[in-house]
Amino acid sequence: MYAGGPRGYGFGGGGRFDRDGRYDNLFEKKKTRRGKEGNKFLGKIVKMNVWPLISSTLVYVLQASPLWVTPLVTSYIINLVTATVSSGAAVGADVWRKIIIAAVILGSLIIMNVPTTTWRAMIISKMCRRTSAGIKSAVVRKLQSLSITYHKDMQMGKIQSKFLRDTDAVDSLLSTIVRTLLPNIVGVIIAIVISVVKNGWIALFFLLVIPFNVTLSWIFRKKLRRAHRDFRMKTEKVSVKLTSMLQMMQVTKAHGLEDAEMQQFNSHMGQLTDSGMATDKTTAYFGSSSWALNHILSAACLVFCSVLAVQGHIEVGDIVLYQSMFTQISGYVSTLINIYPNLSGGLEALDSVSEIMNASDIEASIGKAKISKIKGDVRFENVSYRYPNTEQLVVKDFSLDVKAGECIAVVGASGSGKSTLMNMIIGFLKPVKGKIFIDDKSIDDINLSEYRHHISVVPQSSILFAGTIRENITFGLNSYTEEEFQKVLEMANILEFLPDLPNGLDTDIGEYGDKLSGGQRQRITIARALIRNPKILILDEATSALDNISEYHVQQAISSSIRGRTTFIVAHRLSTIRDADRIIVMDAGAIVESGTYDELMEKQGKFYELKCLNDATAKKAEEGLDGSQAV
């Protein structure tokens, strides 16, 4: 992760989709009167889109009106013709006029369906697309605000699954509500009203369809929810495994572990397949039960209306009307019941996305002091740190006063706390005890995002993206001059290998910079750090993964880049820190020695032991006595 220079980044706040953060509030949980937590997502969505929902519903009434008018017109014409025929009178002009009027009304409504369908589709599309973009933007902004500790604890594959699969499922939930749930509820109400107006007793019979279907839904609800939850968790596991497999591809191939990896992946896929099949089986069982129930009720309605017609309680044409109305009510209710699995899956996805949106491990910068510039003074006062859910301190009572422009090297064995200190300077980690001051201001009181515009980090592993060299160096900058750009190319010693590339600065370096050597990638990373003109530069074992030739070039780049900046160097190869102003020797999270290179070598203490061990390891590697290199 990289902090930009004083110019900042070229990306605007939350984007145009969620400028006021209102989509964040959709996921905010509050306790209900019964003591349960809930976010009332659907109620908030309705409130946010109240006018589009009202207008789309009104347009739907016009759009679907032929569904309700057709049975009325059909029964009217049948009754009209039946009455005329049974009376033995000839079909007169008045009868034909009534038939034509009814046909014209029905035809007009059918033709009107075309523009109203398009009109409603555009209203819904605008609402759903905007809401979908807003939710995704809110999730990404939340991910950006969460601490590095959270991202380390939450596996990347799981986050990807939540963003790609579960946000889409939330979108589908909203679309289902607007396109299916609301129209069917409106359809049920209108069909029942028509039936009540025509014959209250028959309408009462129609209402029987609702409790039967609700009971069926109640029977299946828990099983469906469990099935969708299990499927979602299995999907996340597959995503995590896939991400891990891709990251470990080089190791897998180097050790001939392809079959073992495939066996593990297939095991996860088998579990996912079984879970999916169980979900499909439950959904199919639910849907078929609902279909059978509603067709039995529809047959009962036909018999009931036929008996009433034979007994003279209703006209013959009304059989068509009531059967159509019942079929519609049954269809609407059946659709409402059958979308329950989709709603259940959407609600489960909503819970999954809410895990991100309600995470509390965030870097809060609201209300904190924004700093336009810094000198580069850094002070640790009795700082201690332990990782979450552990008791052991990785940094203990650490105190250090660094003046602007000083170069401080931090050395020690693995696990001594070196990188933890660097992460605390960046603000990724917060001390559990003590204070860190930047220019005499507590790091807890300053806006970290603004502060990081004045620092740059060069990590051990170069982090590059698919694109050109220029794009990787200037990542996120609003503006820069060509003079500044050429200067950092020279400082980072990039000009040395540039002539060997086919397109110079415009060479595509491949995914993660795979088309370049390790030393070339690291020099691009250094140039990216320098073009921001940072006041604090952190080099976290920037040469430890390089061969001797690459290390030489990168070390030259480092030597020219640290002048005039407060620099912290976490060193693996101790020969690279000879010119540091001070060397801090760490052991078990505490300072055990401090001084210049010559002072510490003369003292022959802990640093001297580390240097001798370092030299012996390097010599052994040069002589080829350490066996094959591990990948």
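Residues numbered from 1 in each chain as written. Predicted model: local features only at pLDDT ≥ 70, side-chain atom pairs only at ≥ 80, totals over all residues. Heavy atoms only, no water.

1. Things to note about the overall build of the protein chain
Within the protein chain one finds 19 helices and 12 strands. Each of the 631 residues in the protein chain was classed as buried or not, and the buried ones make up 47%. In the protein chain, the proportion of contacts linking residues at least 24 apart, taken out of those at least 6 apart, comes to 77%. Only carbon and sulfur atoms are counted for the fraction: they give 58% of the accessible area of the protein chain, which is about 32,800 Å². (Helix = DSSP H or I, 4+ residues; strand = E, 2+ residues; numbered from the N terminus. Buried < 20%, exposed > 50% of the residue type's maximum accessible area, 1.4 Å probe, protein only. Contact = heavy atoms within 4.5 Å. Areas by Shrake-Rupley, 256 points an atom, 1.4 Å probe, with all protein chains shown as cover.)

2. Quick word on a nonpolar patch on the surface
On the surface, Val 50, Trp 51, Ile 54 and Leu 58 cluster together into a nonpolar patch covering about 430 Å² of accessible area. Mapped onto the secondary structure, Leu 58 falls in helix α2 (residues 50–87). Residue class for Leu 58 comes out exposed when judged on its relative accessible area of 55%. (Patch = residues over 30% accessible without salt bridge, like charges linked within 9 Å, V, L, I, M, F, W, Y side chains within 5 Å. Salt bridge = Lys/Arg side-chain N within 4 Å of Asp/Glu carboxyl O.)

3. A word on the sheet that holds strand β8 (residues 455–458)
Across a sheet, paired strands are connected by hydrogen bonds in the backbone, their directions being either parallel or antiparallel. Read across the sheet, 6 strands follow the order β8-β9-β10-β5-β11-β12 without closing on themselves; strand pairing throughout is mixed. Two strands close off the open sheet at either side, each with one partner strand: β8 and β12 (590–595). Averaged over neighbouring strand pairs, the angle between their axes works out to 20 degrees when direction is ignored. The sheet contact formed by strand β5 (residues 407–412) and strand β11 (residues 582–587) spans 5 bridges and is parallel. Within the sheet, the bridge partner assigned to Val 411 lies in β11 and is Val 585. Contacting β8 and β9 (536–540), helix α16 (residues 518–530) runs over the sheet at an angle of about 175 degrees to β8. (Pairing = 2+ DSSP bridges. Axes fitted to C-alpha atoms, helices over the stretch in contact; angles between N-to-C directions.)

4. Description of the environment of Thr 327
Tracing the backbone through its elements, the reader meets Thr 327 in helix α10 (residues 316–338). For Thr 327 and Ala 299, which are 28 residues apart along the polypeptide, the C-alpha to C-alpha distance reads 9.7 Å.

5. Concerning the sheet that holds strand β7 (residues 441–442)
The strand order across the open sheet formed by 4 strands is β4-β3-β6-β7, and the pairing between neighbours is antiparallel. Looking at the sheet topology across the chains shown, the edges are occupied by β4 (395–402) and β7. The pairing of strand β6 (residues 433–438) with β7 spans 2 bridges and is classified as antiparallel. Counterpart to Phe 437 in the pairing with β7 is Ser 442. Running at roughly 120 degrees to strand β3 (residues 378–385), helix α12 (residues 418–426) makes contact with β3, β4 and β6 of the sheet.

6. Side note on the packing of aromatic side chains
Taken as a whole, this structure holds 5 aromatic pairs when the rule is applied. Note on Phe 380 and Phe 398: the rings are 5.1 Å apart at their centroids and 85 degrees apart in plane angle, and the pair reads as edge-to-face. Taken as a pair, Phe 380 in strand β3 and Phe 398 in strand β4 lie far apart in primary sequence, 18 residues in all. On the basis of an interplanar angle of 40 degrees and a centroid distance of 5.8 Å, the ring pair of Tyr 480 and Phe 485 is categorised as tilted. Overall, the relative accessible area of 0% leaves Phe 485 in the buried class. Sitting above the plane of the Phe 437 ring, Arg 379 keeps its charged end 4.3 Å from the centroid. Above the plane of the ring of Phe 485 lies Arg 470, whose end atom (NZ or CZ) is 4.3 Å from the centre. (Phe/Tyr/Trp six-rings, centres within 6.5 Å; stacked < 30°, edge-to-face > 60°. Lys NZ or Arg CZ within 6 Å of the ring centre and 35° of its normal.)

7. A short note on the pattern of salt bridges
The final tally for this structure, using the stated rule, is 10 salt bridges. For Asp 444, the salt bridge goes to Lys 435, with nearest N and O atoms at 3.5 Å. The class for Asp 444 is partly exposed, based on a relative accessible area of 28%. According to the relative accessible area criterion, Lys 435 is partly exposed, its value standing at 36%. One continuous salt-bridge network, built from bridges that share partners, spans Arg 379, Glu 381 and Asp 440.

8. Some details on unusual backbone geometry
With a phi angle near 45 degrees, Asp 397 is a residue other than glycine that sits in the positive phi range. You can see Asp 397 is positioned in strand β4. Backbone geometry places Gln 604, a non-glycine residue, at a positive phi of 55 degrees. On the secondary structure map, Gln 604 appears in the loop between α18 (597–603) and α19 (606–622).

9. Let's talk about the nonpolar core
Judged by nonpolar contacts, the single largest core of 42 residues is most densely connected at Val 411, Ile 469, Ile 473, Ile 494, Ile 577, Ile 583 and Phe 607. Leave out the neighbours within four places in its chain, and Ile 494 touches Ile 473, Leu 489, Arg 523, Ile 524 and Ala 527. Core analysis: the next-biggest nonpolar cluster, separate from the first, contains 34 residues, Val 378, Phe 380, Leu 429 and Ile 446 among them. (Core = buried A, V, L, I, M, F, W, Y, C linked by side-chain atoms within 4.5 Å.)

10. Looking at helix α15 (residues 482–491)
Each full turn of the α-helix corresponds to 3.6 residues, which orients residues three or four apart in the same direction. Considered for burial, the residues of α15 that qualify are Phe 485, Val 488, Leu 489 and Met 491. The arc enclosing the buried residues of α15, seen along the axis, measures out at 165 degrees, which places them on a common side. Away from its buried face by more than 90 degrees, α15 exposes Glu 483, Lys 487 and Glu 490. Of the residues one or two after α15, Asn 493 is the one with positive phi, at around 60 degrees. (Arc of directions from axis to C-beta.)

11. Looking at a positive patch on the surface
There is a patch of like positive charges on the surface, built from Lys 222, Lys 223, Arg 226 and Lys 281. Top contributing element to the positive patch by residue count: helix α7 (residues 209–247), with 3 residues. One can find Lys 222 in helix α7. (Lys, Arg positive; Asp, Glu negative; His and termini not counted. Charge placed at Lys NZ, Arg CZ, Asp CG, Glu CD.)

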